[in-house]
Amino acid sequence: MITRRALTTLRRAPLHRALSSRASAVLSALDLQSGRELPGVYDGEWGGSGEVLQSVCPTTGEVLARVNTASPAELERALERSREAYKVFRNVPAPKRGEILRQIREALAAKREALGALISLEMGKIRTEGVGEVQEFVDIADYAVGLSRMMNGRVVASERPGHSILEVPNPLGVVAVLSAFNFPVAVYGWNLALSLAAGNATLWKPAPSTPLCSIAVTKIVSGVLERNGIPGAVAGLVTGGKDVGVGVVESKLVDMVSFTGSEAVGRQVGEAVQSRFGKVLLELGGNNAAVVMPDADLDMAVPSVFFGAVGTAGQRCTSTRRLYLHSSIVQAFLSRLESLYQSVRPGDPLDSATLLGPLHTRQAMDIYHNAIERLQKSGAEILTGGAAYRDLAAPLDGGNFVMPTIAIPQEVDVRDPLWSTETFAPVLCVGVFDELEQAIEWNNGVPQGLSSSLWTRDIRNVGKWIGPAGSDAGIVNVNVGTSGAEIGAAFGGNKSTGWGRESGGDAWKQYVRWSACTLNFSDAAPLAQGVQFANTA
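Residues numbered from 1 in each chain as written. Predicted model: local features only at pLDDT ≥ 70, side-chain atom pairs only at ≥ 80, totals over all residues. Heavy atoms only, no water.

Chemist: Honestly, the overall build of the protein in this entry has me stumped. Any pointers?
Modeler: Scanning the protein from N- to C-terminus turns up 16 helices and 24 strands. Relative to its length of 537 residues, the protein is compact, with a C-alpha radius of gyration of 25 Å against a globular reference of 24 Å. Principal-axis analysis of the C-alpha atoms gives the protein an extent of 90 × 65 × 40 Å. Per-residue burial for the protein yields a buried fraction of 56% across its 537 residues. Pairs at least 24 residues apart make up 74% of the contacts formed inside the protein by residues separated by at least 6 positions. Of the roughly 22300 Å² that the protein leaves accessible, carbon and sulfur atoms contribute 52%. Taking the average location of the 49 positive side-chain charges in the protein and that of its 53 negative ones, the two points are 6 Å from each other. (Helix = DSSP H or I, 4+ residues; strand = E, 2+ residues; numbered from the N terminus. Rg over C-alpha atoms; globule rule 2.2 N^0.38 Å. Buried < 20%, exposed > 50% of the residue type's maximum accessible area, 1.4 Å probe, protein only. Contact = heavy atoms within 4.5 Å. Areas by Shrake-Rupley, 256 points an atom, 1.4 Å probe, with all protein chains shown as cover. Lys, Arg positive; Asp, Glu negative; His and termini not counted. Charge placed at Lys NZ, Arg CZ, Asp CG, Glu CD.)

Okay, here's the thing in structure tokens:
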């Protein structure tokens, strides 16, 4: 972020050198004007007079655009307008809200390729993953359209004659979504779709390094709201750094905070929201393990582990970071996996042939290098990778490219930071086991509990893995990798991953307030449990 001291000087200077043709084509397709500072606040009107964010392309290092973030006054106004918009939107019938979601779905689908390209440009994931991320938003909007007619309570039998008990869901209020850089569109989509179906207003505070994705999506969504006569602050936006995030999290105008990010920041968010008795949904670290049994189909398992560990350059919450191999298949599995690793080459994520894009920031490269250094000092064998790419041809020479790495530590000790700490980069640690019970113990021995994967064709192993003594993660897969969840089931993890659930399943129930309503349609007013409270004197 650029400080206020430098702001005046920057505004006098040219915004940037000539933008590359690859970048300008992507931005133009979404009507993002790179030649001027972009407004990063939307509350029914576009604005922004706070500090300036630079959006930097992780593939080339070029500055894509500058964004004016929310000042303290603009943040407060956005919060107040969100509250006002909620009071209007809560009275819109749920099926009508579903119709608005259907229109949002259509508007997003029409821009799917362009938005996918923007994700690749600004975040760095490869083109097919960028487009797939937009498809997740489209899919959850589809889901929420149907949900808008099915967000049902229930009738509970009463012990008192002439009484019924209803459990009734109503809109919650203002939902704040603090999303992370690695899924700059989909995570907001998961939250927005359910929040709108429930009748809430939603205020988005995106990662400071992906403001263009949030602006592009908000422009699409706001257009639909405007055409339907709905206040724009029903889906507001405030870009900015830590101060903006803190202001959102601590505001009593926000009824629920959905936060995706690190365990350390998530702990602070949880404490802040709970201290004012707000609701909080946390999606935090994932230190995910794949367990491969001797009867596994390696033709399935090896490519899936490869994608889980290398896809998105290891920057998914569900990326495979630990690989536990049965001792009888270690050599066969690793030789095939190493061949796949050595076949991958870094490239422009906008090129459809590219499988490996950059890390998102220079700081992420530091995290990668520190992890490699710790492994080397511990005596771990670096099977492949272990360094940044050098001497790449322009324009990739300005990017954040590192070699996907397979490391074999000397032993498996899940208390050791080598195993217990999530490294948000393509670093895969390998351990060897003889019994499934040992692998389950290792899988469960780390603080995090997001995703897990077992590869086997033995139904007895499946029963152990998904049962009470099996994996303690929120996602427990069999013959499916740790990465790449669908929207139909609730997504989230246990333990220090935060216990939050988003997307499908029963996740919608977090976005409403519940009331137990006892109705008396009799001519008497009996007390429950047979209590008598009358003066008989």
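There is more to say, and it comes next.
Chemist: I keep staring at the sheet that holds strand β15 (residues 381–384) and nothing clicks. Help me out?
Modeler: Backbone hydrogen bonds hold the strands of a sheet together, and the pairing may be parallel or antiparallel. As summarised here, the arrangement of the seven strands in space is β15-β16-β17-β14-β13-β19-β20, forming an open sheet in which the pairing is mixed. Edge positions in the sheet fall to β15 and β20 (475–478), since each of these pairs with one other strand and no more. The sheet shows a mean angle of 25° between the axes of neighbouring strands, direction not considered. For strand β16 (residues 405–408) and strand β17 (residues 427–433), the ladder comprises three bridges, and the chain directions are parallel. Its bridge partner being in β17, T405 is matched across the sheet by V427. Contacts between helix α12 (residues 330–343) and the sheet are confined to β13 (288–292), β14 (320–326), β15, β16 and β17, with β14 contributing the most and set at about 150° to the helix. In the packing of helix α13 (residues 362–378) onto the sheet, contacts are made with β15, β16 and β17, and the angle to β17 comes to roughly 35°. (Pairing = 2+ DSSP bridges. Axes fitted to C-alpha atoms, helices over the stretch in contact; angles between N-to-C directions.)

Chemist: I would appreciate a short explanation of the pattern of salt bridges in the present structure.
Modeler: Side chains that differ in sign of charge can pair as their charged atoms come close. Counted by the stated rule, this structure contains 22 salt bridges. Between R154 and E167 there is a salt bridge, with its nearest N and O atoms 2.7 Å apart. Remark: E167 occurs in strand β7 (residues 163–171) and R154 occurs in strand β6 (residues 154–157); sequence separation between them is 13 residues. Residue E373 is joined to K377 by a salt bridge in which the shortest nitrogen-to-oxygen separation is 3.1 Å. A residue pair is termed a helical-turn pair when its members lie 3 or 4 positions apart in one helix, as E373 and K377 do in helix α13 at four residues. (Salt bridge = Lys/Arg side-chain N within 4 Å of Asp/Glu carboxyl O.)

Chemist: Sorry, what's going on with the side chain of Q448 here?
Modeler: The topology assignment puts Q448 in strand β18 (residues 448–449). A relative accessible area of 4% means that Q448 is categorised as buried. The contact partners of Q448, leaving out residues within four places of it in the chain, are E263, G285, G286, N287, S420, T421, E422, N494, K495, S496 and T497.

Chemist: Explain unusual backbone geometry to me, please; I cannot follow it from the model alone.
Modeler: Note: most peptide bonds trans; most residues except glycine with negative phi. Residue P395 is reached from A394 by a cis peptide bond, and omega for that bond is 5°. Note that P395 resides in the loop between β15 and β16. In this structure, D31 takes a positive phi of about 60° despite not being glycine. Residues other than glycine seldom take positive phi values, yet T312 does so here, at roughly 55°. Inspection of the secondary structure assignment puts T312 in the loop between α11 (298–310) and β14. For T312, a relative accessible area of 3% puts it in the buried group.

Chemist: Please clarify how the sheet that holds strand β10 (residues 235–238) should be interpreted in this entry.
Modeler: The sheet built from seven strands is open, its strands ordered β3-β2-β10-β9-β8-β11-β12 with mixed pairing. Looking at strand neighbours, the two that pair on one side only are β3 (46–47) and β12 (279–283), the edges of this open sheet. Most of the contacts of helix α3 (residues 72–89) go to strand β9 (residues 201–205), to which it runs at about 155°, and overall it touches β2 (41–42), β3, β8 (174–178), β9 and β10. Against the sheet, helix α7 (residues 186–198) touches β8, β9, β10 and β11 (256–260), its axis set at about 165° to β9.

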